[in-house]
Amino acid sequence: MTETMSRLAGGPLASGTEAPDFTLHSTPDQAVSLRDFRGRPVILAFYPADWSPVCGDQMALYNEILPEFQRYRAELLGISVDGAWCHLAFAQHRRLHFPLLADFEPKGEVARVYQVYRNQDGTSERALYVIDPEGVVSWSYVSPVGLNPGADGILRALENLGGEQTT
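Described below are features of the structure shown in this document. Please read these numbers as outputs of a predicted model, since none were measured by experiment. (Residues numbered from 1 in each chain as written. Predicted model: local features only at pLDDT ≥ 70, side-chain atom pairs only at ≥ 80, totals over all residues. Heavy atoms only, no water.)

Here the focus is the overall build of the chain. A count of helices and strands for the chain gives 6 helices and 9 strands. Here the chain has a C-alpha radius of gyration of 15 Å; the compact-globule value for 167 residues is 15 Å, and the two agree. When its C-alpha atoms are laid out on the principal axes, the chain stretches across 40 × 40 × 25 Å. In the chain, which comprises 167 residues, the share counted as buried stands at 49%. At a minimum sequence separation of 6, the contacts of the chain that also span at least 24 residues come to 66%. For the chain, the separation between the mean place of its 13 positive charges and that of its 21 negative charges on side chains is 2 Å. (Helix = DSSP H or I, 4+ residues; strand = E, 2+ residues; numbered from the N terminus. Rg over C-alpha atoms; globule rule 2.2 N^0.38 Å. Buried < 20%, exposed > 50% of the residue type's maximum accessible area, 1.4 Å probe, protein only. Contact = heavy atoms within 4.5 Å. Lys, Arg positive; Asp, Glu negative; His and termini not counted. Charge placed at Lys NZ, Arg CZ, Asp CG, Glu CD.)

With that settled, the discussion passes to the packing of aromatic side chains. Considering all chains together, one arrives at 7 aromatic pairs under this definition. Pairing Tyr62 with Phe69 gives two aromatic rings, centres 6.0 Å apart and planes at 65°, and the pair type is edge-to-face. Here the two residues Tyr62 and Phe69 agree in accessibility, since each one is buried. Geometrically, the ring pair formed by Trp139 and Tyr141 is stacked, given 6.2 Å between the ring centres and 10° between the ring planes. Ring pairing ties together the aromatic residues Phe22, Phe46, Tyr114 and Tyr129, which thus form one cluster. Directly above the ring of Tyr117 sits Arg112, whose terminal nitrogen or CZ lies 3.8 Å from the centroid. (Phe/Tyr/Trp six-rings, centres within 6.5 Å; stacked < 30°, edge-to-face > 60°. Lys NZ or Arg CZ within 6 Å of the ring centre and 35° of its normal.)

Attention now goes to the side chain of Ser140. Of note, Ser140 is situated in strand 9 (residues 137–143). Those residues in contact with Ser140 that lie beyond four places of it in its chain are Pro12, Leu13, Leu128 and Tyr129.

Taken across its 6 residues, strand 4 (residues 75–80) has 6 buried, putting it largely inside the fold. Side-chain alternation along strand 4 places Glu75, Leu77 and Ile79 on one buried face and Leu76, Gly78 and Ser80 on a second face that is also buried. Two elements, strand 3 (residues 42–46) and strand 4, share 5 bridges in a ladder whose sense is parallel. Note that in strand 4 the partner of Val42 across the bridge is Glu75. Crossover strand 4 to strand 5 (residues 100–102) through helix 4 (residues 84–94) is right-handed. (Pairing = 2+ DSSP bridges. Right-handed = clockwise from strand over helix to strand, strands pointing away.)

Ranked by size, the top nonpolar core spans 24 residues in total, and within it Phe22, Leu44, Phe46, Tyr114, Val116 and Tyr129 carry the most contacts. Of all the elements in the fold, those that place two or more residues in this core are strand 3, strand 4, helix 5 (109–113), strand 8 (126–131) and strand 9. Excluding its chain neighbours within four sequence positions, the residues that come into contact with Tyr129 are Pro12, Leu13, Val42, Ile43, Leu44, Phe46, Tyr114, Val116, Val137, Trp139 and Ser140. Within the second largest apolar cluster, 23 residues are counted, among which are Met59, Leu76, Phe98 and Ala157. (Core = buried A, V, L, I, M, F, W, Y, C linked by side-chain atoms within 4.5 Å.)

One pass over the full model with this rule turns up 6 salt bridges. As a salt-bridge pair, Arg71 and Glu68 come within 2.8 Å of each other at their nearest N and O atoms. Taken together, the residues span about one helical turn, with Arg71 and Glu68 both in helix 3 (residues 66–71) at a distance of 3 residues. Sharing partners across several salt bridges, the network here consists of Arg118, Asp121 and Glu125. (Salt bridge = Lys/Arg side-chain N within 4 Å of Asp/Glu carboxyl O.)

For residues besides glycine, phi is generally negative; the peptide bonds are generally trans as well. Backbone torsion omega between Glu105 and Pro106 reads 0°, so that peptide bond is classified as cis. Along the polypeptide, Pro106 turns up in the loop between strand 5 and helix 5. Residue Arg95 is not a glycine yet carries a positive backbone phi of 55°. Looking at the element boundaries, Arg95 is found in the loop between helix 4 and strand 5.

This is how it looks when you write it as structure tokens:
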């Protein structure tokens, strides 16, 4: 068992698991719920913290290839334990065009439910989920915290959903 997997007490939620619903703030006065996106694929990108070099590069990559995700009608949601104000500053600085959700209070509650919370440092793993249009986990992956997992796995998972690509 790898070090990452042993920290996760069984690892991320498995394919075929119903994705737990959640509601998190995308701004100090607006919230987003997973159920709002029923009927289309959702990419959940858990990351440890705004402003870290690897997280910044990962979110910038996803922002750059956002049109590829949108070809599958997929919605991308970034999630970390940072607060909404921090997310707003980070998103503005990096010119991100997708929501960053604050898993801030209770700290890491959604990361815990998705089995990707890091108790040892109070952040989440660098974890990816693709949720199918019916709200079921179709793919999950946990990357080492210091490595950008890229987007190939996400794109393969979206392809495997067999959904309509828009042109």
